[in-house]
Amino acid sequence: MAATGHPAATVVLVRPGPDGLEVLLTRRPATMSFAPGLHVFPGGRLDPADADPRLLSRAHGPASDPEFRAVHRVAAIRETWEEVGVLLAAPRTAASRTTAPAPVGTDGAWSTPAPFVELCLERDLELQTDNLVEIAHWITPRAYPRRFDTRFFVAELPSDAVLTLRPGEVADHRWATPRAALVAMARGEIELWPPTSTTLQRLERAVSFEQVRGELGVAPEVSSRLERLDPGLAVMTGTAGFGPTGRPVNTVLVGRAEVVVVDPGDPAEPFLDAIEAAVAASGGRIVAIALTHVDPGHASGSQELATRTGAPIFVGPGGVASLSWPARELADGGRLWAGEVALDIVPTPGHRPDHLAFLLADGTLLTGDALTDRPTLVLGPEGDPAAARETDQRLAGLLAEGRAWRVVPGHGPVATLARLLALRT
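The structure presented is a predicted model; accordingly, all values stated were derived computationally and were not measured.

### Here's the deal with the confidence of the model for the protein chain
- Here the protein chain averages 85 in pLDDT, and 88% of its residues register 70 or above.
- Overall, residues 95–113 carries pLDDT values under 50, and its contacts beyond four positions in sequence, including any with other chains, amount to 38 contacts.

### Topic: the nonpolar core
- Membership of the largest hydrophobic core comes to 27 residues, with the highest contact counts inside it found for L13, L55, L88, F116, L127 and L132.
- Where this core is concerned, the elements lending two or more residues are strand 1 (6–17), helix 2 (70–84), strand 5 (86–87), helix 3 (116–123), strand 8 (125–127) and strand 10 (148–156).
- With six residues, helix 2 is the single largest residue contributor to this core.
- The contact partners of L127, leaving out residues within four places of it in the chain, are L55, R58, V74, I77, L88, A89, F116 and C120.
- Within the second largest apolar cluster, 25 residues are counted, among which are L21, F41, F152 and L200.

### Regarding the sheet that holds strand 22 (residues 364–368)
- What the six strands build is an open sheet, ordered 19-20-21-22-23-24; its pairing is mixed. Each having just a single partner strand, strand 19 (335–338) and strand 24 (415–416) make up the two edges of the open sheet.
- The sheet contacts of helix 10 (residues 385–400) involve strand 20 (341–347) and strand 22, and relative to strand 20 the element is tilted by about 135 degrees.

### Observations regarding the layout of surface pockets
- In this structure, the largest pocket occupies an estimated 790 Å³ of space.
- In terms of lining, the largest pocket is formed by 39 residues, of which the most central are R28, F34, G43, G44 and F148.
- The set of elements that each furnish at least two residues to the lining of the largest pocket consists of strand 1, strand 4 (43–45), helix 2, strand 9 (133–139), strand 10, helix 5 (194–203) and helix 9 (302–309).
- With four residues, helix 2 is the single largest residue contributor to the lining of the largest pocket.

### Some words on the sheet that holds strand 15 (residues 258–262)
- The seven strands lie next to each other as 12-13-14-15-16-17-18, forming an open sheet whose pairing is mixed. Edge positions in the open sheet fall to strand 12 (224–230) and strand 18 (328–329), since each of these has one partner strand only.
- Contacts from helix 7 (residues 269–281) reach strand 12, strand 13 (233–238), strand 14 (250–254), strand 15 and strand 16 (285–290), with the element oriented near 160 degrees to strand 13.
- Its contacts with the sheet place helix 9 against strand 15, strand 16 and strand 17 (313–315), and it is angled at close to 150 degrees to strand 16.

### Describing helix 10
- Its 16 residues give helix 10 an end-to-end C-alpha distance of 23 Å, which sits within 8% of 22 Å, the value for a rise of 1.5 Å per residue.
- Considered for burial, the residues of helix 10 that qualify are A387, A388, T391, D392, L395 and L398. The arc that holds every buried residue of helix 10, seen down its axis, measures 150 degrees, which confines them to one face. Helix 10 presents R389, Q393 and A400 as exposed residues on the side facing more than 90 degrees away from its buried surface.
- Summarising the contacts, the buried residues of helix 10 are in contact with strand 20, strand 22 and helix 11 (417–423).
- Near the N-terminus of helix 10, the side chain that reaches the backbone nitrogen of A386, with its oxygen 3.0 Å away, is that of D384.
- G402 sits one or two positions beyond helix 10 and adopts a positive phi of about 75 degrees.

### Concerning the packing of aromatic side chains
- Under the counting rule described, the total for this entry stands at one aromatic pair.
- Measuring from ring centre to ring centre gives 6.4 Å for F41 and F152, while their planes differ by 90 degrees; the resulting arrangement is edge-to-face. Placement of the pair is F41 in the loop between strand 3 (39–40) and strand 4 and F152 in strand 10, with a sequence separation of 111 residues.
- Its relative accessible area of 6% is what places F152 among the buried residues.

### Re empty space enclosed by the protein
- Summed over all chains, the structure comprises four cavities of 30 Å³ or more.
- What the largest cavity holds in volume is close to 70 Å³.
- Surrounding the largest cavity, R228, P231, G232, L233, A234, L253, G255, R256, V259, A278, V279 and S282 form its lining.
- Counting only elements with at least two residues in the lining of the largest cavity, the list comes to strand 13 and helix 7.

### Observations concerning helix 7
- Between its terminal C-alpha atoms helix 7 stretches 18 Å, which fits the 18 Å expected from 13 residues at 1.5 Å a residue.
- Backbone geometry just after helix 7 places G283 at a positive phi near 75 degrees.

### Looking at unusual backbone geometry
- Unlike most non-glycine residues, D124 shows phi in positive territory, near 50 degrees.
- When its relative accessible area of 33% is taken as the criterion, D124 is described as partly exposed.
- Positive phi, close to 65 degrees, is recorded for D263, a residue that is not glycine.
- With respect to the secondary-structure elements, D263 resides in the loop between strand 15 and helix 7.

What counts and how
Residues numbered from 1 in each chain as written. Predicted model: local features only at pLDDT ≥ 70, side-chain atom pairs only at ≥ 80, totals over all residues. Heavy atoms only, no water. pLDDT = per-residue confidence, 0-100. Contact = heavy atoms within 4.5 Å. Core = buried A, V, L, I, M, F, W, Y, C linked by side-chain atoms within 4.5 Å. Buried < 20%, exposed > 50% of the residue type's maximum accessible area, 1.4 Å probe, protein only. Helix = DSSP H or I, 4+ residues; strand = E, 2+ residues; numbered from the N terminus. Pairing = 2+ DSSP bridges. Axes fitted to C-alpha atoms, helices over the stretch in contact; angles between N-to-C directions. 1 Å grid on protein atoms, 1.4 Å probe; cavity = no way out; pocket = protein on both sides within 12 Å on 5 of 7 lines; lining within 4 Å. Points joined across faces, edges and corners; volume = space filled by probe spheres on them. Expected span 1.5 Å × (residues − 1). Arc of directions from axis to C-beta. Polar contact = N/O pair within 3.5 Å; in protein donor to acceptor, adjacent residues only side chain to side chain. Phe/Tyr/Trp six-rings, centres within 6.5 Å; stacked < 30°, edge-to-face > 60°.

In structure tokens form, the structure reads like this:
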């Protein structure tokens, strides 16, 4: 029986930098029993004292938000204070303020002898819980004996905020843009836990904290809807998950007895449970996981699903460099055989250089973000407009040759290839 995940909270601290939004990564000491040497965001498990009514009375959020998670936010602020000496709070004397004050960095924070609650009472502090934006929810895979059920928040710091690293918990730190951190991971310079690398990918397109607040919030609850198109083809549409806010991601189940899962983007356990239940209900088993591309909205659930099933993960050329878990790269063109299932590989760069589409024998095309119901392509941080135009021409060629007629896109309803190509402007 899998261990229960300990409730935890993590804070992604961001600040404006010369090359764009920067994030704080701390390196865990090599002597730690959990995730030694990894670069992570500040955070840790919830403490019983985080639910102290005297603290919760200082944790405010919108009354209309039932998912405010005040205890998690208190824990996030406490962990940030204890690990890097940044206090996301301000004196309550400004109770009539309409805008939140800047966070405070204080030397020697980690050596403060008083418990956090006493510190807040002594200084009469108002916790800036409403300035924490929840952007992710991760549960450690079931195969791990030590599991955490973690809420990820983002908070903004001024560019001159002072850090005080706690000895024994933080060996070092670095500020970097999300792209620079992912490049360092790909080069082997730093090691990242999957939730960390995925969160960095989500933040790649953000140019400001306000954009994070407006576009990267998590869905309040996980839901899923299964639509069977054919006996060997089904679409599982979930919540927005780790994709764009308001744009639920389509996960596609291909095959009968042996099933390939394409783009399991949401890592939430209820969603992955629903995928496994749908496959089991038709008497099948999962033999492979294929990603049209490695954006978090399409790839985040792949590690846990692979851990559960033992199925290999397949990605496009260069895609492995953006993941912090094992995967196998597919060459442009050719065919992916997974048990009884055959998927023709169609290179579709543009949105990302590793982007692929998968063509099924009945003429159904799984296009990910290469072709959706939007008239223009939304390019990723590594997007290439010229490559995107070539992809449109390649897909139009499949239509003209009579090889493809129906599209299951990464977002939006199933449609004809002719209609979606006609939407392009």
